[in-house]
Amino acid sequence: QQNRQAAFHILQNALDLAPKQAQEGILLPEIYNFAAILFMKKGELTRAEHYFNLAIDIARKLLPENLPHLQRYCRQLEQLQDLMRQSGSNNRLHH
């Protein structure tokens, strides 16, 4: 529990700094992807989907389509959306 709280504290700091980072920053999609994973584990599926979408949008601008980062983000978003369908969540952001 303490590790999870520390992770969310670090995540909040990263999310506060992320918009200030240049859009060309290669770490920005990773920050958003990490946020999505943590929100997914916390059960905040709509927020997780939002951050997966941010990671994908920025990665598409910065990375070639065949790089594993973008493919991983898309696969994780698909898994999340499957989970949301199974749980009956209708609060989905469409990408």
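Below you will find a few notes about this structure. (Residues numbered from 1 in each chain as written. Predicted model: local features only at pLDDT ≥ 70, side-chain atom pairs only at ≥ 80, totals over all residues. Heavy atoms only, no water.)

In a regular helix each residue adds 1.5 Å, so 16 residues correspond to 22 Å; helix α2 (residues 27–42) covers 23 Å between its end C-alpha atoms and thus fits that length. Taken together, the buried positions of α2 are occupied by Leu28, Pro29, Tyr32, Asn33, Ala35, Ala36, Leu38 and Phe39. Directly beyond the C-terminal end of α2, a positive phi value near 90° is found at Gly43. (Helix = DSSP H or I, 4+ residues; strand = E, 2+ residues; numbered from the N terminus. Expected span 1.5 Å × (residues − 1). Buried < 20%, exposed > 50% of the residue type's maximum accessible area, 1.4 Å probe, protein only.)

For the rest of this paragraph, the subject is the packing of aromatic side chains. Counting across every chain of the model gives two aromatic pairs. With a centroid separation of 5.6 Å and 10° between ring planes, the pair formed by Phe39 and Tyr51 is classed as stacked. In this pair, Phe39 sits in helix α2 while Tyr51 sits in helix α3 (residues 45–62), placing the two residues twelve residues apart along the sequence. For the residue pair Phe39 and Tyr51, the accessibility class agrees, reading buried in each case. Each residue in the set Tyr32, Phe39 and Tyr51 is aromatic and connected to the rest through ring pairs, giving one cluster. (Phe/Tyr/Trp six-rings, centres within 6.5 Å; stacked < 30°, edge-to-face > 60°.)

Let's shift gears to the nonpolar core. Among the nonpolar cores identified, the biggest contains 23 residues, and Leu11, Leu15, Tyr32, Ala35, Phe39, Tyr51 and Leu80 are the most heavily contacted of them. Listed by contribution, the elements that provide at least two residues to this core are α1 (2–17), α2, α3 and α4 (68–87). Ranked by residues supplied to this core, first place goes to α3 with eight residues. Apart from the residues lying within four places of it in its own chain, the contact partners of Leu11 are Ile31, Phe34, Ala35, Leu38 and Phe39. (Core = buried A, V, L, I, M, F, W, Y, C linked by side-chain atoms within 4.5 Å. Contact = heavy atoms within 4.5 Å.)

Here Arg75 lies in helix α4. The class of Arg75 is partly exposed, set by a relative accessible area of 45%.

A few words now on the environment of Leu70. Mapping Leu70 onto the fold places it in helix α4. For Leu70, a relative accessible area of 2% puts it in the buried group. For the pair Leu70 and Ile58, spaced twelve residues apart in sequence, the C-alpha to C-alpha distance is 9.4 Å.

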